[in-house]
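For reference, the chains in residue letters:
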Amino acid sequence: GGNRAALFSDSQKMIDSLADDIDKSTKQCHILSYIMLDDKAGRKISHALVQAVDRGVVCRLLVDAIGSREFLQSQTCKDLKRQGVHVNSALPANLLRAVFERLDLRNHRKIAVIDTSVGYMGSHNIAYPSFAKKLNYAPSIEDRKSVV
């Protein structure tokens, strides 16, 4: 009882909602994402996390080492760490690991838990809606029509 759910059909609405919930947080924000970009969406979530840390909220961000490689090397990520957000990469990849592990096994999960009472799960990465789809993997309806 008392639970509710919302479905987000586009990533901008999800990003806005997540940032709003981070802004309301009082205890902790735990975020796991396969892809986080240093774009408008990534910076919006980053800003909300820094503001939360300033209020005394514990914030943890776990992103995939391959899917978020550019973000992990960005100034935004460095700023997050410097300002107290716990940022880590999941499943680091390098040549030595390639000898002993399969690098194609990635963590594609997208989960956020705010104050142990608000949760997000699903398919939206932390990326602006214009994040380019790869034609070979996710063609749009228009792309499929032009092929037929």
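Everything below is about the structure printed above this text.
As a convention, each chain's residues are numbered from 1 in the sequence order in which they are written. A pLDDT threshold of at least 70 governs which residues receive local features in this predicted model, and a stricter bar of 80 or more applies before side-chain atom pairs are shown or counted, although totals over entire chains, interfaces and linings include all residues. Values reported for side chains reflect all heavy atoms of the structure, with hydrogen atoms and water molecules removed beforehand.

K.L.:
Give me helix H2 (residues 40-54): which residues, what numbers.
P.N.:
Segments assigned H or I by DSSP are reported as helices when at least four residues long, segments assigned E as strands when at least two residues long, and all are numbered from the N terminus. One less than the residue count of a helix, multiplied by 1.5 Å, gives the span that helix is expected to have. Helix length check: H2 (15 residues) gives 21 Å between terminal C-alpha atoms against 21 Å at 1.5 Å per residue, within 8%. When we look at burial in H2, the residues that qualify are Ala 41, Gly 42, Ile 45, Ser 46, Ala 48, Leu 49, Val 50, Ala 52 and Val 53. The contact rule is simple, with two residues in contact once any of their heavy atoms fall within 4.5 Å. Elements that come into contact with the buried residues of H2 comprise helix H1 (11-24), strand E1 (28-33), strand E2 (58-64), helix H3 (69-72) and helix H4 (75-82). Here a polar contact is taken to be a pair of N or O atoms separated by no more than 3.5 Å, where protein atoms must pair a possible hydrogen donor with a possible acceptor and residues adjacent in sequence count only if both atoms sit in side chains. Capping of H2 at its N-terminal end is provided by Asp 39; its side-chain oxygen lies 3.1 Å from the backbone amide nitrogen of Ala 41. A positive phi of about 95° marks Gly 56, the residue just after H2. A 1.4 Å probe rolled over the protein chains alone gives each residue an accessible area, and that area as a share of the maximum for its type sets the label: buried under 20%, exposed over 50%, partly exposed in between.

K.L.:
Requested: an account of H1, with residues and values cited.
P.N.:
End to end, H1 covers 20 Å across 14 residues, agreeing with the expected 20 Å (1.5 Å per residue, within 8%). Taken together, the buried positions of H1 are Ser 11, Met 14, Ile 15, Leu 18, Ala 19, Asp 21 and Ile 22. Down the axis of H1, the smallest arc covering the buried residues is 165°, so these residues share one side. Facing away from the buried side of H1, by more than 90 degrees, are the exposed residues Lys 13 and Lys 24. Packed against the buried residues of H1 are E1, H2, strand E4 (111-114) and strand E5 (118-121). The N-cap of H1, judged by a side-chain oxygen 3.0 Å from the amide nitrogen of Gln 12 a few residues on, is Asp 10. The arc in question is the one traced by the directions running from the helix axis out to the C-beta atoms.

K.L.:
Provide a residue-level description of the packing of aromatic side chains, including the pertinent values.
P.N.:
Between 30 and 60 degrees the pair is tilted, below 30 it is stacked and above 60 it is edge-to-face, where a pair is any two Phe, Tyr or Trp rings, Trp via its six-membered ring, whose centres lie within 6.5 Å. The tally for this structure, following the rule as stated, stands at one aromatic pair. An angle of 15° between the planes, with centres 6.3 Å apart, marks the rings of Phe 8 and Tyr 120 as stacked. Of this pair, Phe 8 sits in the segment before H1 while Tyr 120 sits in strand E5, and the two are 112 residues apart along the sequence. For Phe 8, a relative accessible area of 28% gives the class partly exposed.

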